[in-house]
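Residue strings, one per chain:
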Amino acid sequence: MRGKHRVIVQNKRIRYDFEIKRNITIIRGDSATGKTTLVDMVREYFENGSSSAIILDCDKQCTVLAGRTWKAQLSMMYDSIVFIDEGNDFVTSREFASAIQKTDNYYVIVTREGLPALPYSIDEIYGIRNSGKYGTLKRTYNEFYNLYQLADYRQATRPVKLVTEDSNSGFQFFQSVCKKTGSIACISAHGKSNIFNAVINSSGEDTLVIADGAAFGSEMDKLMQVVKSYPNIKLYLPESFEWLVLKSGLLPDGNTSKFLEHPWEQIESSEYFSWERYFTALLIQYTQDTYLKYSKKQLNPVYMQEKSINKILAVVKGIDLG
């Protein structure tokens, strides 16, 4: 599946209206916010259709995955938007992550905890709130909102320490940049699950965390707790380092812009488990057999030349690494 899909679910009492555009969408929040009600309404409509007194409007089939027979159910789900309520422990397992990796479904998962086995975006974690839009009709109108408002943590900053997610090309690039300044230390956390500890150890310094936002969702809750406690810690979470390169204009072929403006129109969920993987594949494809040939494991020295650095850093707004 690819594209952006609007889902409207309603009965006489309540209405949900939202859009999803990635293969994994997370719904979080406290009790009594309408998360389970949404899943129950989708289930009831799927099982009973119009006789359920529920209206469900979407260009894709919407269904629910639950219980011990989830693997058998999943094997029969194709090109669908699959809802999963909290309490289904299988969503935390690597078996589930492996099972959905090559499917052509989108998944909407209700959970109160991070799911480290799944590469979901920081931009696709939502809460549900009552907008009051239908108050006069005595119907509750529930809308999604982004749970993490990162704009508050993207103020201009000049760090003394930079923490990257891993030790691959992104780290190599920023390590090169920091060495040129002579005043910024650059360290690798060696995996997204280690960033929390790396930040805690740096809590007394002006620290910038750079990680792949396209797959960093599971780490956001505990990291945001630290950020709110230590205002000297800032976050920069682009889709990925490869996205930064594609966005920079460094590549001579201007066709990449169409893939960056509306990526959901290009990214097939059965091929790319996360958008980070798509941007990596796209950059490799566009640079093969050129002097800009890209490798994720070992960064081409061309990307560490001054011209390349300036173009890439120009995308990183509000952060002084010069």
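Note: the structure precedes this text.
Residues numbered from 1 in each chain as written. Predicted model: local features only at pLDDT ≥ 70, side-chain atom pairs only at ≥ 80, totals over all residues. Heavy atoms only, no water.

### A few points about the overall build of the chain
- On a plain count of helices and strands, the chain comes out with 10 helices and 13 strands.
- Every one of the 322 residues in the chain was classed for burial, and the buried ones make up 54%.
- For the chain, contacts bridging at least 24 residues in sequence account for 68% of all contacts bridging at least 6.
- For the chain, the separation between the mean place of its 39 positive charges and that of its 37 negative charges on side chains is 2 Å. (Helix = DSSP H or I, 4+ residues; strand = E, 2+ residues; numbered from the N terminus. Buried < 20%, exposed > 50% of the residue type's maximum accessible area, 1.4 Å probe, protein only. Contact = heavy atoms within 4.5 Å. Lys, Arg positive; Asp, Glu negative; His and termini not counted. Charge placed at Lys NZ, Arg CZ, Asp CG, Glu CD.)

### Concerning the pattern of salt bridges
- Inspection of every chain in the model, using the stated rule, returns 16 salt bridges.
- Salt-bridge contacts for Asp 17 lead to Arg 15; the nearest nitrogen and oxygen are separated by 3.2 Å. Exposure class is identical for Asp 17 and Arg 15. Each is buried.
- Lys 35 is the salt-bridge partner of Glu 86, the closest N and O atoms lying 4.0 Å from each other. With Glu 86 in the loop between β6 (80-84) and α3 (94-100) and Lys 35 in helix α1 (residues 35-48), the pair connects residues that are 51 residues apart, well separated along the chain.
- Linked through salt bridges whose partners overlap, the residues forming this network are Lys 21, Arg 22, Glu 124 and Glu 239. (Salt bridge = Lys/Arg side-chain N within 4 Å of Asp/Glu carboxyl O.)

### What about helix α6 (residues 220-229)?
- Within the sequence span of α6, burial applies to Met 220, Leu 223, Met 224, Val 226 and Val 227. An end-on view of α6 places all buried positions within 160 degrees of arc, on one side of the element. Residues of α6 that are exposed and angled more than 90 degrees away from the buried face: Gln 225, Lys 228 and Ser 229.
- The inward-facing, buried residues of α6 abut α5 (195-201) and β13 (233-236). (Arc of directions from axis to C-beta.)

### Describing the side chain of Gln 10
- Mapping Gln 10 onto the fold places it in strand β1 (residues 5-10).
- Of the polar contacts made by the side chain of Gln 10, one reaches the side chain of Arg 15; its length is 2.7 Å. (Polar contact = N/O pair within 3.5 Å; in protein donor to acceptor, adjacent residues only side chain to side chain.)

### Some remarks on the environment of Asp 166
- Mapping Asp 166 onto the fold places it in the loop between β10 (161-164) and α4 (169-181).
- Considered as a pair, Asp 166 and Asn 194 are 28 residues apart in the sequence and their alpha carbons are 9.3 Å apart.

### Here's the deal with the sheet that holds β10
- The strand order across the open sheet built from 4 strands is β11-β10-β12-β13, with neighbouring strands paired in parallel fashion. Each of the sheet's edge strands pairs with one partner strand only, and the pair in question is β11 (185-188) and β13. Across this sheet, the average inter-strand angle for adjacent strands is 20 degrees, counted without regard to direction.
- Looking at chain direction, β10 and strand β12 (residues 207-210) are connected through 4 bridges and run parallel. Residue pairing for β12: Thr 164 is matched across the bridge by Ile 210.
- Across the sheet, α4 touches β10, β11 and β12, and the angle it forms with β11 is around 165 degrees. (Pairing = 2+ DSSP bridges. Axes fitted to C-alpha atoms, helices over the stretch in contact; angles between N-to-C directions.)

### Some words on the packing of aromatic side chains
- What the rule picks out here adds up to 12 aromatic pairs.
- Considering the side-chain rings of Phe 173 and Phe 241, the 5.3 Å spacing of their centres and the 40 degrees angle between planes classify their relative orientation as tilted. Residue Phe 173 is found in helix α4, and its partner Phe 241 is found in helix α7 (residues 241-247); the two are separated by 68 residues along the sequence.
- Owing to a relative accessible area of 5%, Phe 241 belongs among the buried residues under this scheme.
- Put simply, the rings of Trp 70, Phe 90, Phe 96 and Tyr 107 pair up and form one aromatic cluster.
- Cation over ring: Arg 22 sits above Trp 275, and NZ or CZ is 3.5 Å from the ring centre. (Phe/Tyr/Trp six-rings, centres within 6.5 Å; stacked < 30°, edge-to-face > 60°. Lys NZ or Arg CZ within 6 Å of the ring centre and 35° of its normal.)

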